[in-house]
Amino acid sequence: MAAEWTSLAVAVPAAVVGAALMGLASAAQAKATKQVPQGKTLDPGLLVKLAHRPLWLVGIGATIAGLLLQVLALGFGPLMLVQPLLVTALPFAGIFAAWLSRRRADRVVVLGTLLCVAGLAGFLALARPTGGSSELVGNVGPLAVVLGMAALAGLGLSTVLRGGGRVLGLALATGVFYGVTAALMKVVAGQLREGLRVPFTHWALYVVCVLGPVGFLLSQNTFQQGRMISPALAVITTIDPLIGVAVGIGWLGESASTGTAVLAGELAAAAVIVAGIAVLAHRSSHLMAPPSPAVGSPAPRSPHVLSG
């Protein structure tokens with residue numbers, strides 16, 4: 001019992017501080033991506049352009065620090081405990097985004113954010129994750145196919161839809177990549193505790209080295225094309241731990257509560273998450289809409305109409 005409490009004493013603070021840093025990273029990167037021209041999805045040239053932006057480099061530093069703390073948390077705590085704590089990156093990102101824009105946080109956006117966090121926290125509290133290991137104990141294939149199809153579905157939506165639909169499709173794919181990467185980081189973190197050379201003898205590290213950068217590039221595309229950070233980040237931050245739950249059960253041997261009442265509660269929690277995302281999407285589109293002209297004031301002249 002003492003060893004378990006010691007592990008939690010390391011995992012919980014590391015996950016929360018890591019989430020704060022990831023929130024700062026998301027806010028900084030989202031602002032920086034608006035300062036460079038848009039390119040094609042998954043175009044590495046975007047990263048080259050962003051590398052000349054000091055704010056983006058601050059975000060990279062926060063990302064690296066946040067990931068190191070995430071690895072530390074995963075090394076001491078179960079995946080299905082650490083991932084929910086990382087969801088607090090969403091409100092942290094909202095706070096930092098408002099600070100970087102030198103404005104107050106919008107109350108409706110805060111409400112939508114809290115709905116997402118509350119719904120996800122409720123879902124995982126009902127699931128009551130326990131057990132598991134840092135080794136892949138399940139059959140990786142079937143779930144890997146499902147996750148791959150989910151990522152492709154998100155990318156497909158991003159190509160056929162425009163506006164908010166395109167952004168949410170990119171966010172879905174990003175969340176899948178992030179969730180799988182986090183699960184494999186749990187494996188790598190466990191291997192590091194056995195020795196520094198151990199991860200290099202297993203395929204998990206090399207898959208992380210591929211999925212991680214792809215997910216990161218997708219996130220930059222998502223931030224750049226989204227008009228505000230909250231809706232896209234809400235999708236990413238929600239999908240990420242839900243994928244972590246699935247991977248924790250399917251690959252790492254973790255267990256979760258079952259039963260009709262639990263399922264009903266999880267469905268209600270999922271509805272709260274969807275409501276939060278809907279509030280964020282609606283409010284963001286309202287905040288970004290051009291202001292209506294005051295009553296009695298002349299309508300703005302179209303730039304394409306020549307004055308007489």
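Refer to the preceding data block for the structure.
Bear in mind that the values here come from a model prediction, so they are computed numbers and not experimental data. (Residues numbered from 1 in each chain as written. Predicted model: local features only at pLDDT ≥ 70, side-chain atom pairs only at ≥ 80, totals over all residues. Heavy atoms only, no water.)

**Description of the overall build of the protein**
Inclusion rule: Strands here are runs of E lasting at least two residues and helices are runs of H or I lasting at least four, both read from the DSSP assignment and numbered beginning at the N terminus. Between buried and exposed lies partly exposed: a residue is buried under 20% and exposed over 50% of the maximum accessible area for its type, with that area taken using a 1.4 Å probe on protein chains only. Contact criterion: two residues are considered in contact whenever any of their non-hydrogen atoms come within 4.5 Å of each other.
The number of helices and strands found in the protein is 11 helices and 2 strands. Helices and strands in the protein line up, N terminus first, as α-α-α-α-α-α-β-α-α-α-α-β-α. The buried share of the protein, taken over its 308 residues, is 41%. In the protein, 84% of the contacts between residues at least 6 apart in sequence involve partners at least 24 apart.

**A word on the packing of helix 8 (residues 164-192) against helix 9 (residues 203-225)**
Selection rule: Here the axes come from fitting lines to C-alpha atoms, over the contacting stretch only for helices, and the angles between their N-to-C directions go from 0 to 180 degrees. Any angle from 65 to 115 degrees is called roughly perpendicular, while one under 35 is roughly parallel, one over 145 is roughly antiparallel, and all others are oblique. In this scheme the crossing of two helices becomes right-handed for a clockwise turn of the near helix relative to the far one and left-handed for an anticlockwise turn of less than a right angle. The nonpolar class holds Ala, Val, Leu, Ile, Met, Phe, Trp, Tyr, Cys and Pro. Asp, Glu, Lys and Arg form the charged class, and all remaining residues, Gly among them, are polar.
Two elements in contact, helix 8 and helix 9, have axes separated by 8 Å at closest approach and are oriented at 155°. By the angle between their axes, helix 8 is roughly antiparallel relative to helix 9. Judged by the twist between their axes, the crossing of helix 8 over helix 9 is left-handed. Here the residues of the contact of helix 8 with helix 9 are counted per class, giving 20 nonpolar, 8 polar and 1 charged.

**Comments concerning helix 8**
Note the cut-off: Expected span of a helix: the number of residues minus one, times 1.5 Å.
Here helix 8 contains 29 residues, and its C-alpha end-to-end distance of 41 Å stays within 8% of the 42 Å for a straight helix at 1.5 Å per residue. Of all 29 residues making up helix 8, 23 are buried, and the element is well covered by its neighbours.

**Side note on the packing of helix 3 (residues 54-76) against helix 8**
Between helix 3 and helix 8, whose axes approach to 8 Å, the crossing angle comes to 65°. Of the possible angle classes, the one that applies to helix 3 and helix 8 is roughly perpendicular. When you trace helix 3 past helix 8, the crossing you get is right-handed. Contacts between helix 3 and helix 8 pair Leu67, Gln70, Val71, Leu74 and Gly75 from the former with Ala182, Met185, Lys186 and Ala189 from the latter.

**Section: the side chain of threonine 181**
How we decide: Within 3.5 Å is the distance limit for a polar contact, defined as a pair of N or O atoms, with the added protein rule that one can donate a hydrogen and the other accept it, and that residues adjacent in sequence qualify only through two side-chain atoms.
Locating threonine 181 in the fold gives a position in helix 8. The class for threonine 181 is buried, based on a relative accessible area of 8%. At 2.7 Å, the side chain of threonine 181 forms a polar contact with the backbone oxygen of phenylalanine 177. The contact partners of threonine 181, leaving out residues within four places of it in the chain, are Val208, Leu211 and Gly212.

**Structural notes on the layout of surface pockets**
Gaps left between atoms show up when a probe the size of a water molecule is rolled over them. How we decide: Buriedness of a pocket was judged along seven lines, with at least five required to meet protein on both sides within 12 Å; pockets are open sets of points on a 1 Å grid over the protein atoms alone, cavities are sets where a 1.4 Å probe fits but cannot get out, and lining residues have an atom within 4 Å of a point. Grid points are joined across faces, edges and corners, and a volume is the space filled by probe spheres set on the points.
Of the pockets and cavities examined, the largest pocket occupies roughly 820 Å³. Lining the largest pocket are 37 residues, with Met22, Leu67, Gln70, Thr181 and Met185 positioned closest to its centre. Put simply, the parts of the chain that give the lining of the largest pocket at least two residues each are helix 1 (2-33), helix 3, helix 4 (79-86), helix 8, helix 9 and helix 10 (229-250). No other element matches the 9 residues that helix 9 contributes to the lining of the largest pocket. Class assignment for the residues of the lining of the largest pocket results in 25 nonpolar, 11 polar and 1 charged.

**As for the packing of aromatic side chains**
Note the cut-off: Each aromatic pair joins two rings of Phe, Tyr and Trp (for Trp, the six-membered one) with centres within 6.5 Å, and gets the label stacked for planes under 30 degrees apart, edge-to-face for over 60, and tilted for any other angle.
Evaluation of the coordinates by the stated rule reveals 1 aromatic pair. With 6.2 Å between their ring centres and 50° between their planes, tryptophan 56 and phenylalanine 216 make a pair best called tilted. One end of the pair, tryptophan 56, is in helix 3; the other, phenylalanine 216, is in helix 9, with 160 residues separating them in the sequence.

**Let's talk about the nonpolar core**
Condition: By convention a nonpolar core is built from buried Ala, Val, Leu, Ile, Met, Phe, Trp, Tyr and Cys residues, the set being connected through side-chain atoms within 4.5 Å.
In this structure, Leu147, Val180, Leu184, Ile229, Ile243, Val247 and Trp251 are the most contacted members of the largest nonpolar core, which totals 57 residues. Sorting elements by how many residues they give to this core places helix 8 first, with 12 residues. The contacts of leucine 184, once residues within four sequence positions are left out, are Trp203, Ala204, Val207, Val208, Leu211 and Trp251. Grouped together as the second largest cluster of nonpolar side chains are 6 residues, Ala32, Val36, Trp56 and Phe216 included.

**Concerning unusual backbone geometry**
A negative phi angle is the norm for most residues apart from glycine, just as the trans form is the norm for most peptide bonds. Its identity is not glycine, yet leucine 42 carries a phi of approximately 65°, on the positive side. By relative accessible area, leucine 42 is classed as partly exposed at 34%.

**Side note on the environment of alanine 204**
Take alanine 204: it is sitting in helix 9. Look at alanine 204 and you get buried, because its relative accessible area is 0%. For alanine 204 and valine 188, which are 16 residues apart along the polypeptide, the C-alpha to C-alpha distance reads 6.7 Å.

**Some remarks on the side chain of serine 26**
Inspection of the secondary structure puts serine 26 in helix 1. Those residues within four positions of serine 26 in sequence are excluded, and the remaining contacts are Ala93, Phe223, Ile229 and Leu233.

The quantities given are spatial measurements derived from coordinates; they are silent on function.
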